Amino acid sequence: MPTINIKKADLERLTNMPLEDEFIEEKFPMMGVEVEEIFEEDGEKVIQFSINPNRPDYLSVEGLARGFRGVIGIEIGLKRYDIERSDVKLYVEDVKTRPFIAMAMIKGIIIDDYVLESIINLQEKLHWVMGRDRKKVAIGIHDADKVKPPFYYKEVRGDEIKFVPLNSEEEMTPREILEKHEKGIKYAHLIKNDKFPIILDSEGNVLSMPPIINGELTRVTTETRNLIVDVTGTDKYAVEKTLNIIITALAERKYGKIHSVEVIKNENEKTLYPNLKEDILETTPDHINKVLGTNLTPGAIINYLRRCRLDAQFLDNKIKVYVPAYRVDMFGEVDIAEEVAIAYGYNRFSGDYPVIGTIGELNKLEKKCDFIREIMIGFGFYEVINLMLSNDNVLFKKMRLEDNNYIEVLKPASIEHRIVRKSILPLLMETLRLNKHKELPQKIFEIGDCVIIDKNAETRSRVVKKIAGVIIDNETNFNEIKSYVEGLLREIKIDYELDNFEHPSFIKGRCAKIIKDGKIIGYFGEIHPEVIINFELEFPVVGFEVEIE
């Protein structure tokens, strides 16, 4: 889960009350927010929170304080924000690479060091959680007094315009930014063809080149009093919700007032942002009580919902729930029940013993896995346990594989952990990389679940239990890994055949496949030198992977 560091003094300012460390550690978990640690940094107390990825509105001190005021009863109910209509307009041309944009303004805000740090941190965290590292959503926050409306969002050629990018002193073209600027190099892969999205003001000044970099001209400082927030991306819902999260967070600050911006596309499609209209969901008291195992009255349920900064009405035996525009995690009745449970207090729930008593025992497959563990340990291997989530660089690119047929997490906590693994072997290679300073030989294995696409399955995916192992040593070879694999297959009594196998991750002619009943159940061999170099290793590696079931 993503973590954020918050200055305790800033949190106290936004909650308008002193907060003891013990009180923080006791109350914030009631919101579903874990307090990782409280420490001192540069003479100030800092609190590190772990935030559930489904609550991006908690990724700022402003959002946390807003939720906390509700949980402890200082300020309950749905927070509504006034929006002042402005005459600022944003004209959008036909931008194909990132077609959606939303913009709004915050005027009169007082920005000190706390606020400036919060703005920067919220922007970066939302880039990860909502934006998938800017692929889906990119954010720009600007000093509004440095530019002149109306604004224009369009695409330009790589050498058509010049501006000074953030944290730079020289003017660059969009193409030069991709080649020279730190952010340009990092995010160059997000620019398709030779089309560069640009946001300009009426005088041709560049506010932003999304999703790469903002302009130095509109840098936000402690002298800034009026802000422009733009959000661009490939998904309209994500763009609009991200704008709502940022704008409502900034509006929590002293004197900050929201002002609208009219986005005009092709002169015939006009949208006023931000749209802070609440969503409406419905449930019944019976459903809430059935899910939670409680006996709450409609009034009690509504009170608990209001503590979660929602509003609700009871009419015709139904509870109508009003969800604020900055929430992205509520879609149905089960989400309403979760909010009630949070405010009610998880510590108040008690468990019941099952009506039928049974004697538990290990699943047959788990017994088999335990037996295999004993065999591998007997062979001198050490067991490791990796996460099931990784990324395409480790799972495919470094392994010399081209594969687009995988399952990706919709809202990952980290861009490095967004793809569900299909194979264990790449993660063992990554483990070797992280431990390359250790003495040789290293012999490790892992038994775990992999998930593969299966269109015939109800969930269109299937979980497969696999075992993989690797050896790194200056003298390891094909015969060594073959002896271990055959020893393992013999011990678990599998009838098999071996045949030559061409696999991009292995040296040609030094890889074999394992066949059982006409089906390939595994493979082994000498890892390709390019793969070894990709994982920053310096010695030969051999490995295997076999389906257990």
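The rules behind these values
- Within any chain, residue numbers begin from 1 and follow the written order of that chain's sequence.
- The predicted origin of the model limits local features to residues at a pLDDT of at least 70 and limits the giving and counting of side-chain atom pairs to 80 or more, whereas totals for whole chains, interfaces and linings rest on all residues.
- Just so you know, side-chain values use all the structure's heavy atoms and leave hydrogens and water out.
- Buried, partly exposed and exposed residues are distinguished by accessible area as a fraction of the type maximum, computed with a 1.4 Å probe on protein chains only: under 20%, between the cut-offs, and over 50%, respectively.
- Under the scheme used here, helices are H or I runs from DSSP no shorter than 4 residues and strands are E runs no shorter than 2 residues, and both carry numbers assigned from the N terminus.
- Paired strands are those between which DSSP finds at least two bridges.
- The aromatic pairing rule takes the rings of Phe, Tyr and Trp, using the six-membered ring of Trp, and pairs them if the centres are within 6.5 Å, calling planes under 30 degrees apart stacked, those over 60 edge-to-face and the rest tilted.
- As used here, the term nonpolar core means buried Ala, Val, Leu, Ile, Met, Phe, Trp, Tyr and Cys residues forming a set that is joined through side-chain atoms within 4.5 Å.
- Any pair of residues with heavy atoms lying within 4.5 Å of one another is described as a contacting pair.
- To estimate the expected span of a helix, subtract one from its residue number and multiply by 1.5 Å.
- The term polar contact refers here to a pair of N or O atoms within 3.5 Å; inside protein, the definition further demands a hydrogen-donor-capable atom paired with an acceptor-capable atom, and it admits residues adjacent in sequence only when both atoms are side-chain atoms.
- Should a side-chain nitrogen of Lys or Arg be within 4 Å of a carboxyl oxygen of Asp or Glu, the pair is scored as a salt bridge.
- Where helices are involved, their axes are fitted lines through C-alpha atoms of the stretch in contact, as for all axes, and angles between N-to-C directions lie from 0 to 180°.
- Between 65 and 115 degrees an angle is taken as roughly perpendicular, under 35 as roughly parallel, over 145 as roughly antiparallel, and anywhere else as oblique.
- Under the scheme applied here, ten amino acids are nonpolar (Ala, Val, Leu, Ile, Met, Phe, Trp, Tyr, Cys and Pro), four are charged (Asp, Glu, Lys and Arg), and all others, including Gly, are polar.

Visitor: Is there a simple way to explain the pairing of strand E27 (residues 541–547) in this structure?
Guide: Within a regular strand, the side chains alternate between the two sheet faces. A large share of E27 lies buried, amounting to six of its seven residues. Here five bridges tie strand E26 (residues 519–527) to E27, and the two strands are oriented antiparallel to one another. Directly across from Tyr523, in E27, lies its bridge partner Glu545.

Visitor: For this particular structure, what's the right way to read the packing of aromatic side chains?
Guide: Ring pairs (aromatic) are described by centroid distance and by the angle formed between their planes. All chains considered together, the criterion is met by 13 aromatic pairs. With centroids separated by 5.7 Å and ring planes inclined at 90 degrees, the aromatic side chains of Tyr304 and Tyr344 adopt a geometry described as edge-to-face. A residue pair is termed long-range when its members are at least 10 positions apart, and Tyr304 in helix H9 (residues 298–307) and Tyr344 in helix H10 (residues 333–344) qualify at 40 residues. Assigned by exposure class, Tyr304 and Tyr344 land together as buried. Ring plane angle 50 degrees and centroid distance 5.5 Å describe the contact between Phe379 and Tyr484, whose orientation is recorded as tilted. Placement of the pair is Phe379 in the loop between helix H11 (364–378) and strand E19 (382–383) and Tyr484 in helix H14 (residues 478–491), with a sequence separation of 105 residues.

Visitor: Quick question: what am I supposed to make of the nonpolar core here?
Guide: A general feature of soluble globular proteins is that nonpolar side chains tend to end up buried together. If you look at the biggest cluster of nonpolar residues, it comprises 71 residues, and the most contacted ones within it are Leu11, Phe28, Phe49, Leu64, Leu90 and Leu227. In terms of residue count, helix H7 (residues 236–251) provides more of this core than any other element does, nine residues in total. Not counting chain neighbours up to four residues away, the residues in contact with Phe28 comprise Leu11, Val33, Val35, Phe49, Leu64 and Phe68. Core analysis: the second largest hydrophobic core is formed by 26 residues, Leu427, Leu432, Ile444 and Tyr523 among them.

Visitor: Explain helix H4 (residues 113–129) to me, please; I cannot follow it from the model alone.
Guide: Residues that lie three or four places apart on an α-helix share one face, since the helix turns once every 3.6 residues. Over its 17 residues, H4 runs 24 Å from end to end, which matches the ideal 24 Å to within 8%, given 1.5 Å per residue. Among the residues of H4, those classed as buried are Val115, Leu116, Ser118, Ile119, Leu122, Gln123, Leu126, His127 and Val129. Those residues of H4 hidden inside the fold are in contact with helix H1 (8–15), helix H3 (61–71), strand E7 (137–143), strand E11 (213–214), strand E12 (226–233) and H7. Capping of H4 at its N-terminal end is provided by Asp112; its side-chain oxygen lies 3.1 Å from the backbone amide nitrogen of Tyr114.

Visitor: In this structure, what is going on with unusual backbone geometry? I would like to understand it.
Guide: Trans peptide bonds make up the majority, and among non-glycine residues the majority have a negative phi. A cis geometry characterises the amide bond from Tyr273 onward to Pro274, with omega recorded as 0 degrees. Of note, Pro274 is situated in the loop between strand E15 (269–273) and strand E16 (279–283). Omega for the bond connecting Leu440 with Pro441 falls within 30 degrees of zero, at -5 degrees, which places this linkage in the cis form. The backbone phi angle of Asn16 is positive, close to 60 degrees, even though this residue is not glycine.

Visitor: What is the right way to read the pattern of salt bridges from this model?
Guide: Two side chains with opposite charge may pair up if their charged atoms get near one another. Evaluated as defined, the whole model comprises 50 salt bridges. The closest approach of N and O atoms between Arg309 and Glu75, which form a salt bridge, is 2.8 Å. You can see Arg309 sitting in the loop between H9 and strand E17 (311–315) and its partner Glu75 sitting in the loop between H3 and strand E4 (83–84), a full 234 residues away along the chain. A relative accessible area of 3% places Arg309 in the buried class. A relative accessible area of 27% places Glu75 in the partly exposed class. A salt bridge links Arg418 to Glu408, with the shortest nitrogen-to-oxygen separation between them at 3.6 Å. Here Glu408 lies in the loop between helix H12 (392–397) and strand E21 (419–420) and Arg418 lies in the loop between H12 and E21, a separation of 10 residues in the sequence. Taken together, the shared-partner salt bridges in this structure form one network comprising Arg66, Arg69, Glu75, Lys79, Glu252 and Arg309.

Visitor: How should the sheet that holds E17 be read in this particular structure?
Guide: In sheet architecture, strand pairing relies on hydrogen bonds along the backbone and comes in two forms, parallel and antiparallel. Taken in spatial order, the three strands line up as E16-E18-E17 in an open sheet, and their pairing is antiparallel. Of all the strands in the sheet, the pair left with one neighbour each is E16 and E17. Direction aside, the axes of adjacent strands within the sheet are offset by 20 degrees on average. Across five bridges, the pairing between E16 and strand E18 (residues 318–323) is antiparallel. Counted as the bridge partner of Ile280 is Tyr322 from E18. Of the strands in this sheet, E16 and E18 are in contact with H10, which crosses E16 at around 85 degrees.

Visitor: Explanation requested: the packing of H9 against H10 in the structure shown.
Guide: Between two packed helices, what matters for the description is the angle formed by their axes and the separation of those axes. Two numbers describe how H9 lies on H10: the axes approach to 8 Å, and their chain directions differ by 85 degrees. The pairing of H9 with H10 is recorded here as roughly perpendicular in orientation. The segment H9 lies against H10, with Ile301, Tyr304, Leu305 and Arg307 engaging Ile336, Glu339, Val340, Ala343 and Tyr344. Taken together, the residues of the contact of H9 with H10 break down into seven nonpolar, no polar and two charged.

Visitor: So what exactly am I meant to see when it comes to the sheet that holds E11 here?
Guide: The sheet built from seven strands is open, its strands ordered E11-E10-E9-E8-E5-E14-E15 with mixed pairing. The outermost strands of the open sheet, each flanked by one partner alone, are E11 and E15. Pairing between strand E9 (residues 196–200) and strand E10 (residues 206–209): two bridges, direction antiparallel. Bridge pairing in E10 places Ile199 opposite Ser208.

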